[in-house]
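Chain by chain, the residues run as shown.
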Amino acid sequence: MTQPFTLDILEPRQPAEIVTVDWAALVPEEAKRLRALGIEEGAEIEIAHRGIFGGRDPLALKLGRMVIAVRRSHAAAMTVRLR
Amino acid sequence: MSRLRTAALVGNPNAGKSALFNALTGARQKIANYPGVTVERKAGRMLLPSGEPIVLLDLPGSYSLDAASPDEQVTRDVILGQFAGEATPGMLIVVVDAANLEQHLVFAQEVIALGRPTVVALNMVDLATRDGLVVDADALSEALGVPVLPTVAVRKKGLEELVQALGALGSHDVRVQPRIKRLGPSERRLSARNMARGAILSRSVGHRLHMSVDKLLLNPFLGPFFLLALLFVIFQAVFAWATPFADAIDAGISTLIGLVEANMSDSIVRQFVTQGVLTGVGSVIVFLPQIVILFAFILVMEQSGYMARAAFIMDRLMAAVGLSGRSFIPLLSSFACAIPGIMATRSIADPKDRLTTILVAPLMTCSARLPVYAVIIAAFIPAISVGPGIGLQGLVLFALYIAGIVGAMVVALVLRRSIAKGAASGFIMEMPRYQMPALRDLLIGLWQRAFVFLRRAGTIIFTATIALWVLLSFPQAEPGESQVDASVAGRIATGLNVVLEPIGFNRDISLALIPAMAAREVAVSALATTYAVDAEDEEGQAKGLIPQLQAGWSLPTALAFLAWFVFAPQCLSTIAVARRETNGWKWPLFMIAYLFGLAYIFAGLTYWTAVAAGL
């Protein structure tokens, strides 16, 4: 069991689980949308792709059978641990 | 008309709702007219097994009744019967993706718990099978307490059974106590997971096609290269592939004019038919093939699932000017027409982000500019090759598109730092699985777009052209005097030309710009009508628009005219839709002012630079 760290520094294709989400740091509509897509505490995710430019933003998260694009700033509000 | 009962299709985005809608209603659909209504209301007719006709509504895709964007708000309000002017749908068809039940059952439960007569379409079972999933519809029906019917909308499979189930619902139109309870969001997700596990009979690994395709198309280096190459091919194709069709339409119109002239004696009526109606409207209809080709590419990108990848690739660039990848889809649609583009901004949750996208959408080169660009490029840019497979004409067209894009980016950047200031917008987007676009959905989409264009040609463009012809033809010129100089329109244009002459525009251009306020492509028909009216003899009339332009305009004037149309907001429908989407006149007026300002400055800069360069 590793120490939780923020999602934006997770290596691509490393299976992980979301431990905490700082919902207050997110715009309310975006928090709503993330929850509606199942990105919340306990979700099992991995980073499938990253962009090329500035900070390799955005990120494509694999979650179950879905691939969801989010910004690095969203990922920075979440902590994960490796599965 | 008696009030028909209404059924509504609801479901997550990418559940295949629109394909199901097309399959159930065929071509009998009505996309509501843009002015007057506040939602793009896709409605169609279908028959229940009893023979009763009902109205089927296709609601915007939603993740939850707790709306996070304006289009989710529409779905919520219609379902709950809180949408003014829309009857509460008596029946609901919840569409779920069989291969993504854990996600889609979350919203499905929320809708079913409302206790309305509901059936579930377990859609895209073929793709689930491809992914190695076998789903038990009966088990799912047991868990949800409503009928569940497997369907493959794109292949019209399972539709009969779905309609049967819908018909059976209608017999008791009372509220039923739903078997599933209203739950909070987290409990719903947990319960969705359990239901999905219970319904999935087997789960083999299957081949995950989209993951490997994404490795290529979302590759940090290959991905952007592929997107750029695709956009370049689209714009080359718009020019090259359309030519034979456009030539055929052109020849058809010439034949018609010849027939009219052979069978009618020369009179004001004959002039009206040939110079006004046929020349004016005909010069716009010629561009139908190009518009259809552009829309075909956009529809294929949307239906195949590539559009979301394009948004992903573009997100970082859009973020640099304060927008997000979500704005890429409305802006790309605006290449076809700003109206659906502006309406597509409803999926953008952030209001400042949305406003900025609306304000820059008219800078994307819409299909109405194509007639203008095409005729000027054909007249002034030589059809030479500047490299393997790259024509100079296509290259100039590409440059005009780029000019619009760069303009939009700069304006967005300025707006986001001034009047639309706010926190940087985010980007959260589901990337659908790749899918073969279905020919029927493609054809229905193309037909709807072509129809809208032809309706515009038949109404707005027709009226503006006729009005111009009347103003150009009266009062009749004295012998030896030019008809255009003598006419009412000619005098108005001479006045306007005082302002436009410094940027290189001649009187004929000033004349064409007035009716072109209604729609940009009218500029072409207006020029055609002007030169047809002004031609001294039949030989001059037969020469056609392009030789007339070559004889009358200098190259700097032609280039300035192109630059003007990169920016000028000459489209009443766009202004009307911007007013509706921003709830007032403030923003549309701002849009008109800044776009005309930019048009004037850049047309001037182009003209003076071209003159200085000795072109």
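Residues numbered from 1 in each chain as written. Chains lettered and ligands numbered in written order. Predicted model: local features only at pLDDT ≥ 70, side-chain atom pairs only at ≥ 80, totals over all residues. Heavy atoms only, no water.

**Here we look at the side chain of Glu46(A)**
Residues and elements named next belong to chain A. As for its position among the elements, Glu46 is in strand 3 (residues 44-50). Buried Glu46, no salt bridge; nearest opposite-charge side chain is Arg83, N-O distance 5.0 Å. Here Glu46 is in contact with Arg13, Gln14, Pro15, Ala60, Leu61 and Lys62, once residues within four sequence places are set aside. (Helix = DSSP H or I, 4+ residues; strand = E, 2+ residues; numbered from the N terminus. Buried < 20%, exposed > 50% of the residue type's maximum accessible area, 1.4 Å probe, protein only. Lys, Arg positive; Asp, Glu negative; His and termini not counted. Salt bridge = Lys/Arg side-chain N within 4 Å of Asp/Glu carboxyl O. Contact = heavy atoms within 4.5 Å.)

**What to know about the confidence of the model for chain B**
All names here are of chain B. For chain B, per-residue confidence averages 84 on the pLDDT scale, and residues scoring 70 or more make up 92% of the total. Low pLDDT, under 50, characterises residues 33-39; the stretch is placed with 16 contacts to residues that sit more than four places away or in other chains. Interface confidence in the predicted complex, given as ipTM, is 0.94; pTM for the same model is 0.80. (pLDDT = per-residue confidence, 0-100.)

**Remarks on the packing of aromatic side chains**
Under the criterion given, the structure shown has 13 aromatic pairs over all chains. Judged by centre distance (5.1 Å) and plane angle (70°), the ring pair of Phe561(B) and Phe565(B) falls under edge-to-face. Here Phe561(B) pairs with Phe565(B), and both are found in helix 26 (residues 555-567), just four residues apart, close to one helical turn. Neither Phe561(B) nor Phe565(B) differs from the other in exposure class; each is buried. A network of ring pairs unites the aromatic residues Phe380(B), Phe505(B), Trp553(B), Phe561(B), Trp564(B), Phe565(B) and Phe596(B) as a single cluster. If you follow Arg35(A) out to its NZ or CZ, it ends over the ring of Trp23(A), 4.1 Å from the centre. The lysine or arginine in question, Arg309(B), covers the ring of Tyr434(B), its NZ or CZ lying 4.1 Å from the ring centre. (Phe/Tyr/Trp six-rings, centres within 6.5 Å; stacked < 30°, edge-to-face > 60°. Lys NZ or Arg CZ within 6 Å of the ring centre and 35° of its normal.)

**Quick notes on helix 13 (residues 306-320) of chain B**
Residues and elements named next belong to chain B. Compared with an ideal rise of 1.5 Å per residue, which puts 15 residues at 21 Å, helix 13 spans 22 Å between its outermost C-alpha atoms and is within 8% of the ideal. In helix 13, a bend of some 45° at Met314 exceeds every other bend along the element. Counting buried positions over the 15 residues of helix 13 gives 11, a clear majority of the element. Those residues of helix 13 lying buried are Tyr306, Met307, Ala308, Arg309, Ala310, Ala311, Phe312, Ile313, Met314, Asp315 and Met318. At the C-terminal side of helix 13, Gly322 shows a positive phi close to 90°. (Expected span 1.5 Å × (residues − 1). Bend = angle between axes of the 7 residues up to and from the residue.)

**Quick word on the nonpolar core**
All names here are of chain B. Counting 122 residues, the largest nonpolar core has Ile234, Ile376, Phe505, Leu549, Trp553, Phe561 and Trp564 as the members making the most contacts within it. Considering every element that reaches this core, the biggest residue donor is helix 18 (residues 392-417), with 10 residues. Ranked by size, the runner-up nonpolar core spans 40 residues in total, among them Leu92, Ala108, Leu140 and Leu144. (Core = buried A, V, L, I, M, F, W, Y, C linked by side-chain atoms within 4.5 Å.)

**Remarks on the pattern of salt bridges**
Scanning the entire structure with this criterion turns up 17 salt bridges over all chains. Between Arg5(B) and Glu52(B) there is a salt bridge whose closest N-O contact spans 2.9 Å. Highlighted residues: Arg5(B) in the segment before strand 1 (6-11) and Glu52(B) in the loop between strand 3 (42-47) and strand 4 (53-58), separated in sequence by 47 residues. Two residues, Lys17(B) and Asp58(B), come together in a salt bridge whose shortest N-O distance is 2.9 Å. With Lys17(B) in helix 1 (residues 17-25) and Asp58(B) in strand 4, the pair connects residues that are 41 residues apart, well separated along the chain. The exposure classification of Lys17(B) matches that of Asp58(B), with both residues buried. Residues joined by salt bridges that share partners form a network here, namely Arg35(A), Glu40(A) and Arg189(B).

**Topic: the interface of chain B and chain A**
Taken together, the contact pairs 39 residues of chain B with 32 residues of chain A. Ranking the residues of chain B by area buried against chain A places Phe312(B), Arg316(B) and Ile428(B) at the top, with a combined share of 21%. Seen at the junction of chain B and chain A, the total is five salt bridges. For the salt bridge of Arg316(B) with Asp57(A), the shortest nitrogen-to-oxygen distance reads 3.6 Å. (Buried area = accessible area lost by both parts, 1.4 Å probe.)

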